[in-house]
Protein chains: 2
Amino acid sequence: MALTDTKQAVMMAARSMVQSRGYNSLSYRDLGKEVGIKSSSIHYYFPSKGNLGAALTHEYTDDFLSYLNEMLAASPNWKHSINSYADVFRATLVRDNRMCLGGIMAAEHTDLDVEIRNEVERFTELLVQWLTGVLQQGNQEMDSTTLKKWAFGIFAAIEGAQLVARGCGDVAVYDHILDAYRTAGLLP
Amino acid sequence: MALTDTKQAVMMAARSMVQSRGYNSLSYRDLGKEVGIKSSSIHYYFPSKGNLGAALTHEYTDDFLSYLNEMLAASPNWKHSINSYADVFRATLVRDNRMCLGGIMAAEHTDLDVEIRNEVERFTELLVQWLTGVLQQGNQEMDSTTLKKWAFGIFAAIEGAQLVARGCGDVAVYDHILDAYRTAGLLP
DNA sequence: ACCTGAACACCGTTCAAGT
DNA sequence: ACCTGAACACCGTTCAAGT
């Protein structure tokens, strides 16, 4: 067993809870029950809830990017990469109607500590940067400003599709919305 | 003074609070302080928080649609109507980084009572229906399935743009994303 | 180093009691 | 008809106390 076993268990449980019920609904007592320790013990690892939320978002961003980059290495072309990106958000939705951590945190923005807000911005920046890189592969004639805006557009549109489909509790809604994005030309 | 003065005051305060901090962060005690009564008194008007949330979303939907239809009557063409629609979401963002009630509720979906979930779906359906009607004005050659998907796409994309811009705490992000939507052809 | 129980001010909700 | 205070089980957080 690694030294940080309990800490990692707390983070894993917390991530899953936030993705399905949101950060505000995350309870140290529920978290303690899940992991098998008392709520006061969690404060040993994460002094405050804001601290936990920030660590959570940071790790989530890193894991997400690692996954995307692994996928990129095996991807035949940029169009395939963008579609795989969209599939990740679809899969999250299928798994218990969960949401992207960055998206659900953005919705709760006003209540968040500054440390979490910074991590949400980092998540956004790094994913948009990844998308920009992919778009550039197949559109080298485009200037960087247009590419970055396009990447931002795809990022926001996918977040929105997930949000709305989740609100309807229906993955088919996600698929219909993505059809529209493709027809319009926002997605390849 | 109307008979339902207090009730309306509760709803107005609650709507504004939810749009800025979310439904989960809405507190009956804070609400009571705002209106000038005790938290237990609010239960006289709204037996449960779910009840209040549902009433809130229902009224929000009706008000939103009334506004959109008034705007429609004064609008020169469908493209102008769609852009005005996008401006409403922009204005909400500018006013204290607020969010669309339907969007923020969708993010908190898992925690919501069924009565609220139904109202969130009603909001989505009616707004998409409104958008479909507007799109039809200028695209009569399109079949109704394509039109409805397009409307759904616009609805989700705007919600997403608002969500992401809110997460960044920057209206300029909203503008950039909408530029991308227009360049791609998702928005006219 | 890691965990606990008790205490604090919060939360939605209930209910008997007031006017 | 409308409002209140007290009580209930919840919440994050603190802290002295255990091992």
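Quick summary incoming for the structure in this document. What you see is a predicted model, and the numbers here were worked out from it, not measured in a lab.

**Some words on the relation of the copies chain A and chain B**
Thought 1: Of the two same-sequence chains, chain A is brought onto chain B (RMSD 0.0 Å, axial shift 0.0 Å) by a rotation of 180°. The superposition operator between the copies reduces to a two-fold rotation axis. If distances are taken from each C-alpha of chain A to the rotation axis, the shortest is found for Gly160(A), at 1.8 Å.
Thought 2: Both copies share a contact surface, since 100% of the interface residues of chain A are interface residues in chain B too.

**Thoughts on the state of the cysteines**
Thought 1: Here the structure, examined in full by the defined rule, presents 0 disulfides over all chains.
Thought 2: With no disulfide of its own, Cys100(B) has Cys168(A) as its nearest cysteine by sulfur position, at a separation of 12 Å.
Thought 3: On the basis of relative accessible area, Cys100(B) is assigned to the buried category, the value being 1%.

**Description of the interface of chain A and chain B**
Thought 1: With 42 residues of chain A in contact, the opposing surface of chain B contributes 42 residues.
Thought 2: A buried area of about 3300 Å², summed over both sides, lies between chain A and chain B, and 67% of it is on carbon and sulfur atoms.
Thought 3: When the buried surface of chain A facing chain B is broken down by residue, Ala107(A), Lys149(A) and Leu163(A) rank first, second and third, together holding 16% of it.
Thought 4: In this structure, Asp179(A) engages Lys149(B) in a salt bridge whose closest nitrogen and oxygen atoms are separated by 2.7 Å.
Thought 5: One can count 18 residue pairs in polar contact (both at pLDDT 80 or more) joining chain A with chain B.
Thought 6: For the side of chain A that touches chain B, the element with the most residues is helix α8 (residues 144-168) of chain A, which contributes 15 residues.
Thought 7: Per-class residue counts for the side of chain A that touches chain B are 20 nonpolar, 14 polar and 8 charged.

Conventions and cut-offs
Within each chain, residues carry numbers counting from 1 in the order of the written sequence. Lettering for chains starts from A, numbering for ligands starts from 1, and both go in the order in which the items are written. Reporting in this predicted model follows two pLDDT cut-offs: at least 70 for local features of residues, and 80 or more for side-chain atom pairs to be given and counted; totals over whole chains, interfaces and linings ignore these cut-offs and use all residues. No hydrogens and no water enter the side-chain calculation; it runs on all heavy atoms of the structure. What sets the superposition is a least-squares fit of C-alpha atoms, and only residues with pLDDT of at least 70 in both copies go into it. Pairs of residues are marked as contacts when any of their non-hydrogen atoms sit within 4.5 Å. For this text, the term disulfide refers to a pair of cysteine sulfurs within 2.5 Å. For every residue, the accessible area obtained with a 1.4 Å probe (protein chains only) is divided by the maximum for its type, and the residue is called buried under 20%, exposed over 50%, and partly exposed between those limits. Defined here as a combined quantity, buried area equals the accessible surface (1.4 Å probe) lost by two parts on assembly, summed across both. One side-chain nitrogen of Lys or Arg within 4 Å of one carboxyl oxygen of Asp or Glu is enough to make a salt bridge. Each polar contact in these results corresponds to two N or O atoms within 3.5 Å; when the atoms are within protein, one needs to be able to donate a hydrogen and the other to accept it, and residues that are neighboring in sequence are counted only if both atoms are side-chain atoms. Secondary structure elements are defined from DSSP: runs of H or I of at least 4 residues count as helices, runs of E of at least 2 residues count as strands, and each element is numbered from the N terminus. Ten residue types, Ala, Val, Leu, Ile, Met, Phe, Trp, Tyr, Cys and Pro, are classed as nonpolar, four, Asp, Glu, Lys and Arg, as charged, and the remainder, Gly among them, as polar.

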